[in-house]
Amino acid sequence: MAEDTPKTRSQAEEIHSQINQALKELDEIRNTQHSITKPADLQSAEEAITRATDKLAALMTALKIQQAVDSDELKEKADQLVQSMPGQFKNQGRRLVSI
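I will try to describe carefully the structure that is included in this document. Predicted model only: the values in this text are computed from it and were never measured. (Residues numbered from 1 in each chain as written. Predicted model: local features only at pLDDT ≥ 70, side-chain atom pairs only at ≥ 80, totals over all residues. Heavy atoms only, no water.)

**So, the overall build of the protein chain**
The secondary structure content of the protein chain amounts to three helices and zero strands. Each helix (α) and strand (β) of the protein chain, taken in turn from the N terminus, gives the series α-α-α. Radius of gyration (C-alpha) of the protein chain: 20 Å, far over the 13 Å computed for a compact globule of 99 residues. For the C-alpha atoms alone, the extent of the protein chain along its principal axes is close to 70 × 25 × 20 Å. Burial status across the protein chain gives 14% buried among its 99 residues. Once local pairs closer than 6 in sequence are excluded, the contacts in the protein chain between residues at least 24 apart make up 82%. Total accessible area on the protein chain stands at roughly 8400 Å², and carbon and sulfur atoms take up 53% of it. Each charge class in the protein chain can be summarised by its mean position, and for the 13 positive and 16 negative side chains these summaries are 5 Å apart. (Helix = DSSP H or I, 4+ residues; strand = E, 2+ residues; numbered from the N terminus. Rg over C-alpha atoms; globule rule 2.2 N^0.38 Å. Buried < 20%, exposed > 50% of the residue type's maximum accessible area, 1.4 Å probe, protein only. Contact = heavy atoms within 4.5 Å. Areas by Shrake-Rupley, 256 points an atom, 1.4 Å probe, with all protein chains shown as cover. Lys, Arg positive; Asp, Glu negative; His and termini not counted. Charge placed at Lys NZ, Arg CZ, Asp CG, Glu CD.)

Rendered as structure tokens:
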């Protein structure tokens with residue numbers, strides 16, 4: 001893993017925190033007993049489960065992307081790419097982006 005700057009470390013920690021919260025939400029759904037007597041009740045339960053699992057999947061994907069961005073291998077490849085370019089580039093540092 002590359003050396004973490006305070007910003008990248010806090011980004012990864014924020015994602016970990018959000019994953020833990022999503023897991024708690026899934027536990028609440030699992031442990032809450034719902035009385036499903038109508039089709040609308042079942043649909044509501046299914047939608048809550050889908051929202052929670054989709055959120056968890058997105059957060060886990062975000063964590064994997066953040067880990068890849070922070071990797072030494074990617075940093076080395078980026079350095080090689082910049083060095084192979086004919087012009088001079090200025091390092092503007094890391095920036096927060098949304099995908």
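Okay, back to it.
**Comments concerning the environment of Gly87**
By secondary structure assignment, the location of Gly87 is in the segment after helix H3 (72-84). In sequence terms Gly87 and Asp27 are 60 residues apart; their C-alpha atoms lie 54 Å from each other.

**Topic: the pattern of salt bridges**
Evaluation of the coordinates by the stated rule reveals three salt bridges. A salt bridge links Glu25 to Lys55, with the nearest nitrogen and oxygen atoms 3.3 Å apart. With Glu25 in helix H1 (residues 6-31) and Lys55 in helix H2 (residues 39-69), the pair connects residues that are 30 residues apart, well separated along the chain. Residue classification places Glu25 among the partly exposed positions, given a relative accessible area of 26%. (Salt bridge = Lys/Arg side-chain N within 4 Å of Asp/Glu carboxyl O.)

**Looking at the nonpolar core**
Among the nonpolar cores identified, the biggest contains six residues, and these are Ile15, Ile19, Ala22, Leu56, Leu59 and Leu63. Looking at this core, the elements that each hand over two or more residues are H1 and H2. Once residues lying within four places of it in the same chain are set aside, the contact partners of Ala22 are Leu56 and Leu59. (Core = buried A, V, L, I, M, F, W, Y, C linked by side-chain atoms within 4.5 Å.)

**Examining the environment of Glu14**
Topologically, Glu14 is positioned in helix H1. Between the C-alpha atom of Glu14 and that of Glu47, which follows or precedes it by 33 residues, the distance is 26 Å.

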